[in-house]
Amino acid sequence: MQIELNSVNKYYNRGQHNEVYALKNISFSVQEGEIVCIRGPSGSGKSTLLSIIGCLYPPTSGTAIICGRQIARLPDHFLTRHRRENIGFIFQRFNLIESLTVLENITLPLLPLGVPPAERTVRARKVMEELQIGHREKFRVNGISGGEMQRVAIGRALINNPRLLLADEPTAHLDPQLRSSFMDAMADLKKSGKTIVITSHDIQVTGHPKVDRCFTMEDGTMTAGDGI
């Protein structure tokens, strides 16, 4: 299993008057090489769940095993290292730095790992070749198309060769053609063995034939799952 959650709860401001119960008794697992979607309305807990899976912070209670490590009691610096080495993120609005080139954006996740500049460039060029954006290497991202930006964001998520790829509402601001292009790219990554978890309410994502399972969240609970 790449992901195994058992009775996971997440509180904010615990014990205070403004306490928020973000996740309630979540248990589910994801096998290596699966594409799994988590759907639900805004405020349902999707992003909080993805943040725990992404090792951004541990659960308040319960167990969360991510890429072979139990993260609930992992010290912050080990949690950060585990995230950097094993997990790639694709953000809703791509979060690219417009003043940097395509190459520079893709190599950003390698900087905290201390990867030498020459090796960063070699890795980035391999990813750019696979994503067919090598010809844009020296372009600033504010001068490329939306589809190319999408591929830069995917390339940045892949640069550390992660075992697990997480995408939070990645098609929310894309037109239908780019949504289809994104899911085609995810299908190709599935073929290469990547495990992918996507939060989305987009039918082009949740209904894609390469998606193995969909789970529905509401008010911090996982209310349903299909394709199990």
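If you're wondering where the values come from, they're calculated on a predicted model, not measured in any experiment.

Chemist: Got a minute to help me understand the pairing of strand β4 (residues 61-66) in this structure?
Modeler: Note that strand β1 (residues 3-12) and β4 share five bridges and pair antiparallel. If you follow E4 over to β4, its bridge partner there is I65. Summarising the sheet, β4 and strand β5 (residues 69-70) pair through two bridges and their orientation is antiparallel. Directly across from I66, in β5, lies its bridge partner R69. Where β4 folds back onto β5 in an antiparallel hairpin, the turn is made up of two residues, including C67, whose phi is positive at roughly 50 degrees.

Chemist: Could you clarify how one ought to interpret helix α5 (residues 146-158) in this entry?
Modeler: Structurally, the α-helix is built with 3.6 residues per turn, so residues lying three or four positions apart point the same way. An ideal rise of 1.5 Å per residue puts 18 Å on 13 residues; α5 measures up with 19 Å between its terminal C-alpha atoms. Most of α5 is tucked away, with ten of its 13 residues classed as buried. For α5, the full list of buried residues reads G147, E148, Q150, V152, A153, I154, G155, R156, A157 and L158. Packing partners of the buried residues in α5 comprise β6 (87-90), α3 (102-107), α4 (117-130), β7 (164-168) and α6 (176-191).

Chemist: Looking at this model, I keep getting lost on the side chain of N160. Mind explaining?
Modeler: Positionally, N160 belongs in the loop between α5 and β7. For N160, a relative accessible area of 12% puts it in the buried group. Of the polar contacts made by the side chain of N160, one reaches the backbone oxygen of R84; its length is 2.3 Å. Setting aside chain neighbours within four positions, we find N160 in contact with R83, R84, E85, N86, I87, L110 and R123.

The rules behind each value
- Residues numbered from 1 in each chain as written.
- Predicted model: local features only at pLDDT ≥ 70, side-chain atom pairs only at ≥ 80, totals over all residues.
- Heavy atoms only, no water.
- Pairing = 2+ DSSP bridges.
- Helix = DSSP H or I, 4+ residues; strand = E, 2+ residues; numbered from the N terminus.
- Expected span 1.5 Å × (residues − 1).
- Buried < 20%, exposed > 50% of the residue type's maximum accessible area, 1.4 Å probe, protein only.
- Contact = heavy atoms within 4.5 Å.
- Polar contact = N/O pair within 3.5 Å; in protein donor to acceptor, adjacent residues only side chain to side chain.

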